[in-house]
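These are the residues of each chain, in order.
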Amino acid sequence: MEKLTNWLARDPDPRTREELQYLIDEKEYSELEDRFGKRLEFGTAGLRGKVGCGPNRMNRLVIQETAAGLGHYLIDNISKAASRGVVVGYDGRTDSKQFAIDTASVLTALGIKVFLTHDVAATPVVAFGIKHLNAAAAVVVTASHNPPEYNGFKVYWENGAQIIPPHDSGIAAEIAIAATRPIPLMSLSDAEQREQLVWLTEDYYQTYRTSVNQSPFIEGDTSEKSIAVAYTAMHGVGAKMAEDLLHDNGFNKVFSVAEQREPDGLFPTVNFPNPEEDGAMDLVLELAESVEAAIACANDPDADRFAVAARQQDTTYKMLTGDQIGVLLANYLLSLPHTKQQLVGNSIVSSTLLAKVAKSHGATYFQTLTGFKWLANVGMQLEDDENEFLFAYEEALGYTIGTQVRDKDGLSTLVVFSQLVEQLKQNGKTVWDVLAQISFEHGVHVNAQRSIQLDPNSPSIGAKLRSTPPKQIAGVGISVIEDLQSSLRFTIGGKGSMGKTEAIHLPASDVLIYHMEDGSRIIVRPSGTEPKLKVYYELVTEFEGNENYPEALLRAEEKMAQLIEQHQQELNK
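An unreviewed UniProt entry lists the protein chain under the name Phospho-sugar mutase, with Vibrio gallaecicus given as the organism. According to the UniProt record, the Cofactor (unreviewed entry) comment for the protein chain reads "Mg(2+)". The heading Sequence similarities (unreviewed entry) in the UniProt record of the protein chain holds the text "Belongs to the phosphohexose mutase family."

Colleague: Give me helix α16 (residues 410-426): which residues, what numbers.
Modeller: Between its first and last C-alpha, α16 extends 24 Å over 17 residues, near the 24 Å set by a 1.5 Å rise per residue. Of all 17 residues making up α16, 14 are buried, and the element is well covered by its neighbours. With a side-chain oxygen lying 2.9 Å from the backbone nitrogen of L411, the N-terminal cap of α16 falls on D409. At the exit of α16 stands G428, carrying a positive phi of roughly 75 degrees.

Colleague: So what's going on with empty space enclosed by the protein? Residues and values would help.
Modeller: Applying the stated criterion across every chain yields a total of three cavities of 30 Å³ or more. If you go around the largest cavity, the residues you meet are Y208, V212, S215, I218, T400, I401, Q404, V405, D409, S412 and V416. When grouped by side-chain class, the residues that make up the lining of the largest cavity number six nonpolar, four polar and one charged.

Colleague: Lay out the sheet that holds strand β9 (residues 295-299) with the relevant residues and their values.
Modeller: One key point about sheets: their strands pair by backbone hydrogen bonds, in either a parallel or an antiparallel sense. The strand order across the open sheet built from five strands is β8-β7-β9-β10-β11, with neighbouring strands paired in mixed fashion. Two strands in the sheet have a free side with no partner beyond their single neighbour: β8 (254-256) and β11 (317-319). For this sheet, the mean angle separating the axes of adjacent strands, direction not counted, is 25 degrees. Looking at chain direction, strand β7 (residues 229-232) and β8 are connected through three bridges and run parallel. When the bridges of β8 are listed, V229 appears paired with V254.

Colleague: Describe the environment of D518, and please don't skip the residues or the numbers.
Modeller: Looking at the secondary structure, you find D518 in the loop between β21 (512-516) and β22 (521-526). On the basis of relative accessibility, which here comes to 32%, the residue D518 falls in the partly exposed class. Separated by 162 residues in the primary sequence, D518 and K356 place their C-alpha atoms 16 Å from one another. Dropping the residues within four chain positions of it, D518 is found in contact with V476, V540 and K559. Among the polar contacts made by the side chain of D518, one reaches the main-chain amide nitrogen of S520 at a distance of 3.0 Å.

Colleague: Any chance you could break down the UniProt feature "domain: Alpha-D-phosphohexomutase alpha/beta/alpha" (unreviewed entry) in the protein chain for me, citing the residues and the numbers?
Modeller: The UniProt feature table records "domain: Alpha-D-phosphohexomutase alpha/beta/alpha" (unreviewed entry) at residues 40-176, 208-309 and 321-435. Taken end to end, residues 40-176 comprises 42% helix and 18% strand; its first and last C-alpha atoms sit 11 Å apart. In the segment residues 208-309, helix accounts for 25% and strand for 16%; the C-alpha atoms at its two ends are 27 Å apart.

Colleague: Describe in detail the layout of surface pockets, supporting the description with residues and values.
Modeller: One number sums up the size of the second largest pocket: a volume of about 700 Å³. Forming the boundary of the second largest pocket are 28 residues, of which R311, Q312, Q313, T430 and W432 lie nearest the centre. A total of five residues in the lining of the second largest pocket trace back to one element, the largest contributor, which is helix α19 (residues 549-571). For the lining of the second largest pocket, the class distribution of residues is 15 nonpolar, five polar and eight charged.

Colleague: So what's going on with the nonpolar core? Which residues, and what values?
Modeller: Residues L320, F391, F417 and V431 are the most contacted members of the largest nonpolar core, which totals 119 residues. One finds L23, L40, C53 and I163 within the second-largest nonpolar core, a separate group that totals 44 residues.

Colleague: Talk me through the sheet that holds strand β14 (residues 387-394); I want residue IDs and the actual numbers.
Modeller: Strand order in the open sheet made by the four strands is β13-β12-β14-β15, with mixed pairing throughout. For this open sheet the edge positions go to β13 (364-368) and β15 (398-401), each flanked by a neighbour on one side alone. Recorded for the sheet is a direction-independent mean angle of 20 degrees between the axes of neighbouring strands. Bridge count for strand β12 (residues 341-347) against β14 is six bridges, and the pairing is parallel. Within β14, the residue paired with N346 across the bridge is Y393. Those strands touched by helix α13 (residues 322-334) are β12, β14 and β15, and its axis lies near 160 degrees from that of β14.

Colleague: So what's going on with the pattern of salt bridges? Which residues, and what values?
Modeller: Under the defined criterion, the tally for this structure stands at 28 salt bridges. Between K154 and D304 there is a salt bridge, with the nearest N and O atoms lying 3.5 Å from each other. Residue K154 is located in strand β5 (residues 150-156), and its partner D304 is located in the loop between β9 and β10 (306-311); the two are separated by 150 residues in the primary sequence. Overall, K154 belongs to the buried group, its relative accessible area being 4%.

Colleague: Got a sec to walk through the packing of α13 against helix α14 (residues 353-360)? Specific residues and values, please.
Modeller: If you want to describe how two helices pack, look at the angle between their axes and the distance between the axes. Contact pair α13 / α14: the axes reach a minimum separation of 10 Å and the direction vectors enclose 10 degrees. One finds that α13 runs roughly parallel with respect to α14. In this structure, α13 contributes V327, A330, N331 and L334 to the contact, and α14 contributes L353, L354, V357 and A358. Looking at the contact of α13 with α14 residue by residue, the class counts come to seven nonpolar, one polar and no charged.

Conventions used here
- Residues numbered from 1 in each chain as written.
- Predicted model: local features only at pLDDT ≥ 70, side-chain atom pairs only at ≥ 80, totals over all residues.
- Heavy atoms only, no water.
- UniProt positions renumbered as here; feature names shortened; annotations may be inferred.
- Helix = DSSP H or I, 4+ residues; strand = E, 2+ residues; numbered from the N terminus.
- Expected span 1.5 Å × (residues − 1).
- Buried < 20%, exposed > 50% of the residue type's maximum accessible area, 1.4 Å probe, protein only.
- Polar contact = N/O pair within 3.5 Å; in protein donor to acceptor, adjacent residues only side chain to side chain.
- 1 Å grid on protein atoms, 1.4 Å probe; cavity = no way out; pocket = protein on both sides within 12 Å on 5 of 7 lines; lining within 4 Å.
- Points joined across faces, edges and corners; volume = space filled by probe spheres on them.
- Nonpolar A, V, L, I, M, F, W, Y, C, P; charged D, E, K, R; others polar.
- Pairing = 2+ DSSP bridges.
- Axes fitted to C-alpha atoms, helices over the stretch in contact; angles between N-to-C directions.
- Contact = heavy atoms within 4.5 Å.
- Core = buried A, V, L, I, M, F, W, Y, C linked by side-chain atoms within 4.5 Å.
- Salt bridge = Lys/Arg side-chain N within 4 Å of Asp/Glu carboxyl O.
- Parallel < 35°, antiparallel > 145°, perpendicular 65-115°, else oblique.

Structure below.
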């Protein structure tokens with residue numbers, strides 16, 4: 001009761017105070033326990049959770065406490081953080097603008113300059129500002145592609161990338177202290193008068209636009225392109241910038257889904273505003289068919305992800321997987337002229353095909369843990385006078401090209417991919433032809449992901465797999481086991497015995513990777529809190545007989561379905 005009373009006294013939002021009072025009056029004890037039993041955890045992606053009252057929800061008080069903790073940490077850990085300032089932007093969700101204003105009010109009260117977007121902004125547009133303005137950090141208020149009831153607080157470091165350890169735990173410690181003290185606040189008008197607040201107006205957005213158009217990977221050819229592009233912003237903030245960038249580069253046949261073009265935090269036409277979800281792309285696919293577009297494209301609501309379906313010979317459209325898009329982009333970008341050694345990378349759960357494509361082009365390949373924070377930070381660490389960062393991706397539709405934005409950028413990716421498709425058309429080819437060519441050279445790669453529920457009474461699956469390592473999966477022998485928890489790689493010797501042991505140079509993580517004798521791979525990531533596994537599958541097969549690419553792909557997909565079913569049965573034994 002003391003916690004609840006304290007919250008009511010501190011909460012600046014009458015809506016969440018009223019919500020809490022209702023829960024108290026109705027004696028909703030389990031709901032109160034969920035909201036007040038713990039605090040929403042601050043991690044390397046910042047905060048993300050459902051909106052509502054209590055420390056285990058997203059609300060104005062949690063935002064103010066988080067901003068206070070972040071501000072104190074920046075002042076203590078970054079030189080001239082106060083004068084360099086923090087870029088703050090927000091998406092089109094219901095509470096995002098207010099959360100951004102609260103963030104700015106706290107940071108300016110701490111003496112930190114804030115660069116606040118004057119309107120909604122795509123996540124890559126905000127992240128771009130860190131280097132452009134030499135800011136100490138950035139905050140984007142967004143829940144990306146989560147359902148409407150969610151919001152988030154994403155933090156970027158001075159290098160332009162999302163925060164990684166130890167900054168996440170350091171900021172979390174400061175937030176815990178801030179939650180016990182009065183929160184300093186300054187009105188935006190006072191902050192502006194004291195030159196603590198700088199509004200990022202339309203000129204700033206246009207600077208990002210110019211930067212993308214001046215990228216060495218954008219052709220800059222403004223002559224009219226032949227392909228039509230269907231596009232949806234999925235009720236997010238990407239439409240205007242996406243359309244402008246396409247038009248800048250000669251793509252004048254751009255058709256946007258009208259019902260999804262403007263920001264709407266309720267996402268009324270989709271059950272789940274994630275391009276990967278079934279049905280989310282239905283409207284843009286219908287539009288593409290009606291205008292005979294070459295591609296149907298989507299950004300997620302904060303425009304940092306990119307999804308695409310490509311037209312096939314029978315005029316139907318087929319979604320490209322995140323890995324297919326990544327490999328197509330890498331192959332295209334590596335074929336351009338370069339003066340330095342190129343760095344390309346992806347996460348451990350993304351396709352191994354990228355490494356093979358990189359090698360065929362003579363590029364340097366790198367691999368990181370899951371999460372774009374790792375791809376961006378490791379990519380920067382590998383840069384030197386001889387090596388320059390070119391491209392990185394993760395299978396969940398995140399791509400970054402070049403160094404203007406050190407995070408996923410669905411807007412610049414949209415332009416480059418459209419450019420790729422146009423170039424192929426001029427040569428009488430399609431993306432399917434390129435995927436077939438790459439598959440003939442390196443094998444047909446099929447990837448899938450499943451979350452598998454296990455028997456709640458069974459012992460820890462991670463401990464079980466480590467104490468009794470499997471010798472085969474679905475009848476196929478295992479050649480190598482990589483245990484990222486112990487940072488060791490075990491080569492399997494004859495009759496299933498352990499052979500050579502090597503160190504793995506990746507941060508420790510509760511992940512097991514099984515490399516199969518047939519070239520396939522299975523990655524198991526046990527949940528630490530429930531009997532559940534996140535499993536990533538990759539199956540690699542060669543062409544058989546006179547198969548064409550669609551036939552070989554269909555056979556591989558059928559084989560993948562069998563592998564997943566058999567593996568799930570084995571795990572539940």
